[in-house]
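# Examination of the molecular architecture
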Amino acid sequence: MDLSILIVNYRTYSLTKQTINSVLNTVNAIDYEIIIVDNDSADGSLEKLIKDFEEYPFIKFIKNKNNDGFAVANNLAFKESKGEYVLLLNSDVIVNKGTINESLNYIKSNENIGVLGCKVVLPDGTLDKACRRSFPTFEVSFYRMTGLSKLFPNSKRFNRYNLSYLDENGIYPVDCVVGAFMLINSDVMVECNALDESYFMYGEDIDLCYKIKELGYCVCYFGIYDIVHYKGASGKNKRLLYEFHKSMEIFYEKHYKEKDPFIINIITYLGIWGLYYLKLFVLKLKSF
């Protein structure tokens with residue numbers, strides 16, 4: 001089988017249905033399967049999706065009894081997958097014509113590519129800047145948090161995080177692509193021990209790219225084809241705000257803590273959690 005498409009559903013029935021339909025309408029001439037993992041939605045969305053797509057035997061459903069996060073759910077799907085390549089695809093995206101087929105053709109023709117991400121645009125047509133990034137080292141993060149990256153958007157030094165000085169419609173190697181669309185060689189996924197399940201949500205895509213680059217493979221941005229991302233459709237709340245900053249801490253501790261001086265460690269932790277409490281305070285103010 002050429003490809004296994006992995007989608008995690010959590011209370012996004014309409015969007016997940018839309019995502020599946022966009023795949024069915026745009027993918028052709030390849031042998032593929034779609035595996036949907038429902039993260040204990042408890043809203044009837046899984047049952048409705050099963051009924052909607054019962055005529056498609058290559059669409060499979062897995063009911064996860066607990067919501068243990070994005071990484072756990074994708075790993076469950078990966079264990080059941082049969083494709084030579086796997087595509088991690090968010091439940092809140094629309095796949096445009098040619099994107100999956102051409103992405104698969106490109107990664108197959110370049111054996112050094114471990115993971116490929118396409119261009120991701122938001123509903124208003126602007127680029128989702130998270131679709132191509134550099135790793136969040138202390139220096140890269142410092143320039144971003146202090147606003148220097150926004151002040152100098154075309155600077156190769158100050159805006160390495162979002163790489164806005166590069167052509168968004170180009171093809172080139174980057175540090176990481178976003179989990180909304182990650183096309184990965186299945187053998188590479190095995191070499192990486194799949195996604196790190198210590199991440200509940202956010203950060204697992206950056207971590208996976210880091211491991212793939214450590215193995216010597218290329219992380220490729222394939223900007224000539226795109227998807228539309230309805231970002232944050234699975235919800236925005238205090239839990240997700242916490243998980244976002246927790247993922248930053250996990251990534252830093254795994255990959256940079258031992259390399260950086262003690263004072264950099266302290267500044268990093270203060271930056272991560274200081275920003276979290278500031279956002280939490282703003283969130284509380286807005287609720288009044």
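A brief look at the structure comes next. (Residues numbered from 1 in each chain as written. Predicted model: local features only at pLDDT ≥ 70, side-chain atom pairs only at ≥ 80, totals over all residues. Heavy atoms only, no water.)

## Looking at the layout of surface pockets
- One number sums up the size of the second largest pocket: a volume of about 210 Å³.
- Contributing to the lining of the second largest pocket are Lys-129, Arg-144, Ser-149, Lys-150, Pro-153, Asn-159, Asn-162 and Ser-164.
- Each residue belonging to the lining of the second largest pocket can be placed in one class, and the counts come to one nonpolar, four polar and three charged. (1 Å grid on protein atoms, 1.4 Å probe; cavity = no way out; pocket = protein on both sides within 12 Å on 5 of 7 lines; lining within 4 Å. Points joined across faces, edges and corners; volume = space filled by probe spheres on them. Nonpolar A, V, L, I, M, F, W, Y, C, P; charged D, E, K, R; others polar.)

## Quick look at helix H9 (residues 238–255)
- Compared with the 26 Å implied by 1.5 Å per residue over 18 residues, the 26 Å span of H9 between its first and last C-alpha is a close match.
- Looking only at H9, the buried set comprises Leu-240, Leu-241, Glu-243, His-245, Ser-247, Glu-249, Ile-250, Phe-251, Tyr-252 and His-255.
- In this structure, the buried side of H9 is in contact with helix H8 (204–214) and helix H10 (262–287). (Helix = DSSP H or I, 4+ residues; strand = E, 2+ residues; numbered from the N terminus. Expected span 1.5 Å × (residues − 1). Buried < 20%, exposed > 50% of the residue type's maximum accessible area, 1.4 Å probe, protein only. Contact = heavy atoms within 4.5 Å.)

## A look at the pattern of salt bridges
- Summed over the entire model, instances satisfying the criterion amount to 12 salt bridges.
- A salt bridge links Lys-213 to Asp-175; the shortest N-O distance between them is 2.8 Å. Taken together, the positions of Lys-213 in helix H8 and Asp-175 in the loop between strand E7 (171–173) and strand E8 (181–185) put the pair 38 residues apart, joining distant regions of the chain.
- Classification of Lys-213 as partly exposed rests on a relative accessible area of 34%.
- Across the pair Lys-246 and Glu-249 runs a salt bridge whose closest N-O atoms are separated by 2.7 Å. Taken together, the residues span about one helical turn, with Lys-246 and Glu-249 both in helix H9 at a distance of three residues.
- Lys-246 sits in the partly exposed class, given a relative accessible area of 25%.
- By relative accessible area, which is 12% here, Glu-249 ends up buried.
- Overlapping salt bridges bring together Asp-196, Asp-207, Lys-211 and Lys-254 as one network. (Salt bridge = Lys/Arg side-chain N within 4 Å of Asp/Glu carboxyl O.)

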